[in-house]
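Below are the chains, spelled out letter by letter.
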Amino acid sequence: LMEVAGLGAFMVSAATMIREKERGTVEQLLMTPASALEVVTAKLVPLFILLMAMVGMVLVIARLVFGVPFRGNGLLVLLACACCVLTGIGLGTFVSTLARSANQTQLISFFINPPLAMLSGGLTPIEAMPKWVQPITQLNPIAHFSAIARSVLVKGAGLDVVYPNLLALVALASLLVAFSAWRFRRQLG
């Protein structure tokens with residue numbers, strides 16, 4: 001779930017945006033009467049819908065095939081998934097504004113994906129990481145999502161327990177999407 005919501009969103013959005021940049025469709029959009037905000041929204045919304053559909057499929061497979069218990073509120077998990085997907089889209093869009101080709105995007109992702117995965121708490125508990133690394137995990141949206149998913153799905157925790165992680169996830173999603181949209185609009189302008 002963590003892979004699809006965070007890292008998958010990053011890779012899909014970066015690849016989609018850079019492909020359009022390479023094909024020249026971004027320049028074609030400049031010729032349309034649409035505003036830069038409309039263009040950015042038209043690029044982000046379909047990605048969000050696609051990735052949330054993937055998250056839904058993963059949740060169904062996790063429950064039916066692997067028997068993952070769903071003890072908590074499913075809507076809370078979906079809200080956290082949506083925020084994590086938005087952070088991935090924001091990060092991917094930002095990377096696509098920096099890169100000039102798909103190869104550059106892949107190279108940049110080598111410096112983003114492994115640290116995000118390693119510092120998420122999914123492979124090694126955050127408490128077992130060195131003390132100097134633990135504060136850095138607070139900037140990792142996947143770490144917050146992972147904490148929410150574990151708490152809600154496995155332990156049955158509610159909003160009263162996971163609200164700090166959810167607020168951090170909302171803040172990171174808002175910041176990354178706003179910044180990447182601003183960069184994308186600047187690229188269009």
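Owing to the predicted nature of the structure, the values given are computational and were not obtained by experimental measurement. (Residues numbered from 1 in each chain as written. Predicted model: local features only at pLDDT ≥ 70, side-chain atom pairs only at ≥ 80, totals over all residues. Heavy atoms only, no water.)

### What about the pattern of salt bridges?
No. 1: Taken as a whole, this structure holds one salt bridge when the rule is applied.
No. 2: The shortest N-O distance in the salt bridge between Lys43 and Glu20 comes to 2.5 Å. Pair noted here: Lys43 is in helix α3 (residues 36–64) and Glu20 is in helix α1 (residues 2–23), with a separation of 23 residues, a long-range link. (Salt bridge = Lys/Arg side-chain N within 4 Å of Asp/Glu carboxyl O. Helix = DSSP H or I, 4+ residues; strand = E, 2+ residues; numbered from the N terminus.)

### Points about the packing of helix α4 (residues 74–98) against helix α7 (residues 141–154)
How two helices sit against one another is set out by the angle between their axes and by the gap between those axes.
No. 1: α7 packs onto α4 with a crossing angle of 165° between their chain directions and a minimal axis gap of 10 Å. Between α4 and α7, the angle falls in the class roughly antiparallel. In the crossing of α4 with α7, the sense of the turn from one axis to the other is left-handed. Contacts between α4 and α7 involve Leu76, Val77, Ala80, Cys81, Cys84 and Thr87 from the former and Pro141, Ile142, Phe145, Ile148, Val152 and Leu153 from the latter.
No. 2: Classifying every residue of the contact of α4 with α7 gives eleven nonpolar, one polar and no charged. (Axes fitted to C-alpha atoms, helices over the stretch in contact; angles between N-to-C directions. Parallel < 35°, antiparallel > 145°, perpendicular 65-115°, else oblique. Left-handed = near helix turned anticlockwise from the far one by under 90°. Contact = heavy atoms within 4.5 Å. Nonpolar A, V, L, I, M, F, W, Y, C, P; charged D, E, K, R; others polar.)

### Looking at α4
No. 1: For α4, with 25 residues, the first-to-last C-alpha span of 36 Å sits near the 36 Å given by 1.5 Å per residue.
No. 2: Here α4 lies mainly inside the structure; 18 of its 25 residues are buried.
No. 3: Near the N-terminus of α4, the side chain that reaches the backbone nitrogen of Leu75, with its oxygen 2.9 Å away, is that of Asn73. (Expected span 1.5 Å × (residues − 1). Buried < 20%, exposed > 50% of the residue type's maximum accessible area, 1.4 Å probe, protein only. Polar contact = N/O pair within 3.5 Å; in protein donor to acceptor, adjacent residues only side chain to side chain.)

### Considerations on the nonpolar core
No. 1: Grouped together as the largest cluster of nonpolar side chains are 39 residues, with contacts concentrated most on Val85, Ile89, Phe145 and Ile148.
No. 2: Elements represented by at least two residues in this core include exactly α1, α3, α4, α6 (113–118), α7 and α8 (159–188).
No. 3: The element that contributes the greatest number of residues to this core is α4, accounting for eleven residues.
No. 4: In this structure, Ile89 is in contact with Ala9, Ser13, Leu44, Leu47, Phe48 and Leu51, ignoring residues within four places of it in sequence. (Core = buried A, V, L, I, M, F, W, Y, C linked by side-chain atoms within 4.5 Å.)

### Side note on the side chain of Thr137
No. 1: For Thr137, the location among the structural elements is in the loop between α6 and α7.
No. 2: Here Gln134 takes part through its backbone oxygen, which lies 2.5 Å from a polar atom of the side chain of Thr137.
No. 3: Residues contacting Thr137, with those up to four places away along its chain left out, are Leu119, Ile126, Met129, Ala143 and His144.

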